[in-house]
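# Summary of structural features
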Amino acid sequence: MVPAGEATAALLSAARERLVVGAAPLDLDAAADEVIRARGGRSNFRLVPGYSHTLCVSVDDDVVHGIPGARPFRPGDIVSVDGGVEIGGWNGDAAFTVVLPDPARPDVVLARERLAESAERSLWAGIAALASARHLNEVGEAIEASVEASGDYGIIEGYGGHGIGRAMHEEPSVYNHAVRGRGPRVRPGLVVAIEPMITSGDPATFVREDGWTVATADGGDGAHVEHSVAVHADGIWVLTAPDGGAAGLAGHGVRPVPIA
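An account of the accompanying structure is given in this report. Within each chain, residue numbers correspond to sequence positions counted from 1 in written order. Only residues with pLDDT of 70 or above have their local features reported here, since the model is predicted, and side-chain atom pairs are shown and tallied only from 80 upward, although totals for entire chains, interfaces and linings are computed over all residues. Heavy atoms throughout the structure, all of them, feed into the side-chain values; hydrogens and water do not.

### Quick look at the overall build of the protein
- Working definition: helices are DSSP H or I runs of at least four residues, strands are E runs of at least two. Numbering for both runs from the N terminus. The helix and strand tally for the protein stands at five helices and 15 strands.
- Atoms counted for the radius of gyration: C-alpha only. Globule rule: 2.2 Å times the number of residues to the power 0.38. A globule of 260 residues ought to have a C-alpha radius of gyration of about 18 Å, and the protein, at 17 Å, matches this closely.
- Referenced to the eigenvectors of the C-alpha coordinate spread, the extents of the protein come out at roughly 50 × 40 × 30 Å.
- The buried share among the 260 residues of the protein stands at 53%.
- Any two residues having at least one pair of non-hydrogen atoms within 4.5 Å are treated as being in contact. Considering only contacts in the protein between residues 6 or more positions apart, those separated by 24 or more positions represent 67%.
- Each accessible area value is a Shrake-Rupley result obtained with a 1.4 Å probe; residue values ignore everything except the protein chains displayed when judging cover. Entry remark: accessible area of the protein is about 11,300 Å², with carbon and sulfur atoms responsible for 52%. Burial classification: accessible surface area is computed with a 1.4 Å probe over protein chains only, and a residue below 20% of its type maximum counts as buried, one above 50% as exposed, and the rest as partly exposed.

### Focus on the sheet that holds strand β9 (residues 191–194)
- Two strands pair if DSSP finds at least two bridges between them. Ordered in space as β8-β7-β9-β14-β15, the five strands form an open sheet in which the pairing is antiparallel. The open sheet has two free edges, formed respectively by β8 (170–174) and β15 (235–238), since each of these has just one partner strand. Averaged over neighbouring strand pairs, the angle between their axes works out to 25° when direction is ignored.
- Two elements, strand β7 (residues 161–163) and β8, share three bridges in a ladder whose sense is antiparallel. The partner of Gly161 across the bridge, within β8, is Val174.
- Fitted lines through C-alpha atoms serve as axes, helices being fitted only where they are in contact, and the angles separating the N-to-C directions of these axes extend from 0 to 180 degrees. Seen against the sheet, helix α3 (residues 106–132) touches β9, β14 (227–232) and β15 and runs at an angle of roughly 10° to β14.

### A word on the nonpolar core
- Counting 32 residues, the largest nonpolar core has Ile127, Leu130, Leu136 and Ile194 as the members making the most contacts within it.
- Those elements giving two or more residues to this core turn out to be α3, α4 (137–150), β9, β14 and β15.
- Of all the elements, α3 adds the most residues to this core, at nine residues.
- Each residue touching Leu136, except ones within four places of it in the same chain, is listed here: Leu130, Pro172, Ser173, Val174, Arg182, Gly183, Pro184, Val186, Leu190 and Val192. To qualify as a nonpolar core, a set must consist of buried Ala, Val, Leu, Ile, Met, Phe, Trp, Tyr and Cys residues joined through side-chain atoms within 4.5 Å.

### Examining helix α2 (residues 25–38)
- Compared with an ideal rise of 1.5 Å per residue, which puts 14 residues at 20 Å, α2 spans 20 Å between its outermost C-alpha atoms and is within 8% of the ideal.
- Listed as buried for α2 are Pro25, Leu28, Asp29, Ala31, Ala32, Asp33, Val35 and Ile36.
- One or two positions beyond α2, positive phi appears at Gly40, with a value near 75°. One less than the number of residues in a helix, times 1.5 Å, gives the span that helix is expected to have.

What follows is the structure in structure tokens.
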């Protein structure tokens, strides 16, 4: 799964470079598609029945599964970008959230940056928990504790992480909050996509008329981040991070180990 993870990191890096005020989500989609083709892979998003884009791009109150369109990004937008690659029959899946600058609305930008940072912290808290977890539901407990420590944010229920391997979405489910029961055992060979989705207000959501885009019911902002993480005999490795997750895990006292 290493090549698929590396390609996923590369396509998201290309999308991030294009993500500026005045660009459009379709520009990011095209950049990601170029990366995938250059690496001899396929967009696993395009393999989902009914979906015809390489990325999901969600803006402001759209939290996840946003369909890339032609409307340009505006100053102060909070943007979540989600993408994945299939190479050699194996999959990668990851997402990031950024806030575009807006000198005219520093208060809005600051609030949105804090939301995005909270999501990012919770992602790494969940990944760090996986490194020592005996059961998978410990990841959700760590994510929830991190979000609660960051502020009064909502955690979306009904959407979360998942197993990943031969298919982009596999069992088991990876919750972003504490649930009853311990969940599956964590053991070498487990690969999961951990993906917190949090909101600035009420976590209630609805699906827009396009049948894909998940938006907040109260119009609050959303943030979505994700990495695919492998558990192997010697430790964990973040497949979709260029450094295997070293920078994100450093503050948690966890050192990722390359897969032999």
